[in-house]
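Observations on the model geometry
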Amino acid sequence: GTLGRAVLSWIDRCTFGPAGDEEPPKGATPGRYWTLDPIDGTKGFLRKEHYAVALALIEKGEVVAGVLGCPKMKVGRRQGALFTAARGQGAMTYLLDDEEAAGEPISVASRQEVEKARFCESVESGHSSHDDAAKIAKKLGITKEPYRIDSQCKYAAIGKGSASIYLRLPTRKGYEEKIWDHAAGSIIVEEAGGVVTDTKGKPLDFSLGRTLKNNTGIIATNGNFHDEVAAAVKAVTKKQ
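The paragraphs below set out a description of the structure included in this document.

Rules used in this analysis
- Sequence order sets the numbering: in each chain, residues are counted from 1 along the sequence as written.
- Where totals are concerned, whole chains, interfaces and linings use all residues; where local detail is concerned, this predicted model gives features only for residues with pLDDT of at least 70, and gives and counts side-chain atom pairs only at 80 or more.
- With hydrogens and water stripped out, all remaining heavy atoms of the structure feed into the side-chain values.
- For helices the rule is a DSSP run of H or I covering at least 4 residues; for strands it is a run of E covering at least 2, with both sets numbered from the N terminus onward.
- The rule is simple: take the accessible area with a 1.4 Å probe, protein chains only, and divide by the maximum for that residue type; under 20% is buried, over 50% is exposed, in between is partly exposed.
- Whether two residues are in contact is decided by their heavy atoms: any pair within 4.5 Å suffices.
- Only the protein chains shown count as cover for residues, with accessible areas throughout obtained via the Shrake-Rupley method and a probe of 1.4 Å.
- At least two bridges found by DSSP between two strands is the condition for calling them paired.
- We call two N or O atoms a polar contact when they sit within 3.5 Å, provided that within protein one can donate a hydrogen and the other can accept it, with sequence-adjacent residues counted only if both atoms are side-chain atoms.
- Nonpolar core, defined: a set of buried Ala, Val, Leu, Ile, Met, Phe, Trp, Tyr and Cys residues in which side-chain atoms within 4.5 Å join the residues together.
- Under this scheme, a helix contributes an axis fitted over its contacting stretch, all axes are lines through C-alpha atoms, and angles between N-to-C directions fall in the 0 to 180 degree range.

1. A look at the overall build of the protein
- When you go through the protein residue by residue, the secondary structure sums to 6 helices and 11 strands.
- Considering the protein as a whole, with its 240 residues, one finds that 46% of them fall into the buried category.
- Of the contacts made within the protein by residues no fewer than 6 positions apart, 59% connect residues no fewer than 24 positions apart.
- A total accessible area of about 12,600 Å² is found for the protein, and carbon and sulfur atoms account for 51% of it.

2. A closer look at the pairing of strand 4 (residues 78-86)
- In this structure, strand 3 (residues 62-75) lies alongside strand 4, joined through 8 bridges in antiparallel fashion. Paired with L68 across the strands is F83, a residue of strand 4.
- The turn joining strand 3 and strand 4, which pair antiparallel and follow one another in sequence, is formed by 2 residues; a positive phi near 70 degrees is taken by G76.

3. Observations concerning the sheet that holds strand 11 (residues 218-221)
- The 5 strands are arranged 8-7-9-11-10 in an open sheet whose pairing can be described as mixed. Here the strands that pair on one side only, and so sit at the sheet edges, are strand 8 (147-148) and strand 10 (195-197).
- Note that strand 7 (residues 119-121) and strand 8 share 2 bridges and pair parallel. By the bridge assignment, E121 is partnered in strand 8 with R148.

4. Some points on the pairing of strand 3
- Sheet analysis places strand 2 (residues 52-59) next to strand 3, joined by 7 bridges and oriented antiparallel. Looking across to strand 3, one finds that L55 is bridged to V67.

5. Thoughts on the environment of N222
- One can find N222 in the loop between strand 11 and helix 6 (226-237).
- The exposure class of N222 is buried, given its relative accessible area of 2%.
- C-alpha of N222 to C-alpha of I158: the two residues are 64 residues apart in sequence and 6.8 Å apart in space.
- Those residues in contact with N222, other than ones at most four positions away along the chain, are V108, A109, S110, R111, I158, S164, G193 and G194.
- Among the polar contacts made by the side chain of N222, one reaches the main-chain carbonyl oxygen of A109 at a distance of 2.9 Å.

6. Some thoughts on the nonpolar core
- Among the nonpolar cores identified, the biggest contains 38 residues, and L68, C70, M73, F83 and F206 are the most heavily contacted of them.
- Elements represented by at least two residues in this core include exactly strand 2, strand 3, strand 4, helix 4 (153-159), helix 5 (183-191) and strand 11.
- What M73 contacts, discounting residues up to four positions off in sequence, is H50, R78, Q79, G80, A81, F83, Y147, I149, C153, A156, A157 and K160.
- With 18 residues, the next largest nonpolar core counts V114, A133, I136 and A137 among its residues.

7. Details of the side chain of T221
- Inspection of the secondary structure puts T221 in strand 11.
- Looking at T221, its side chain comes within polar contact range of the main-chain nitrogen of G223, at 2.9 Å.
- Not counting chain neighbours up to four residues away, the residues in contact with T221 comprise I158, S164, I165, V189, G194, V195, H226 and V229.

8. Details of the sheet that holds strand 4
- What the 6 strands build is an open sheet, ordered 1-2-3-4-5-6; its pairing is antiparallel. Edge positions in the sheet fall to strand 1 (32-40) and strand 6 (104-105), since each of these pairs with one other strand and no more.
- As paired elements, strand 1 and strand 2 share 7 bridges and run antiparallel to each other. Within strand 2, the residue paired with D40 across the bridge is A52.
- Along the sheet, helix 5 contacts strand 1, strand 2, strand 3, strand 4 and strand 5 (91-95); its crossing angle with strand 3, the most-contacted strand, is approximately 90 degrees.

9. Brief notes about helix 5
- In terms of residue burial, helix 5 counts as a mostly covered element, since 8 of its 9 residues are buried.
- Residues of helix 5 that are buried include every one of A183, A184, G185, S186, I187, I188, V189 and E191, and no others.
- Once helix 5 ends, the next one or two residues include G193, with phi positive near 105 degrees.

Set out below in structure tokens:
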């Protein structure tokens, strides 16, 4: 139908690389583009558990706005939340089942002691090394079981203070993270007061096209012990 053709035309406008390796379509703005993952966490979606709809706006290699729709995530006692963030304007959450409700600001957990922190990671071991995460947790003195959820809902969990550490550790050499798996979530954590880097402590570089070619893995924290977590990750992974 008409809507379907319109959606396809919108998608066609995005078939070029932001680094300039392809000719942008007529009417497109070079260096400014959206990245979308319509079902982030496909296996979680199939299990009827956590998944997200993730949309982010990138300008000149920087994420400037992000939205995460998390239908299975609870805010208080109610299920289904929308998380939004704009650079320099903070992060907010809205209830999906109440269009009239005003948004509420969110902020990362204020916890200072890393050994008491809760960390989250992917459900699928193929997405992140569970063995390495366990070694890192032990090195940090964390004894709580990891909070394993699918999709960028992990970023939402950090942003609203349900967890304080998110690790995504490479499962194979040379793997490049996809920008649509991290753009929206990363700005939500940052605008909620947290810190997001790769496992070497470098900022995420969204200027190189569809993947984070200059980065290896992901560390997201509430910011109070980010360097300590990064050091533990380095100590565990440098032996490999």
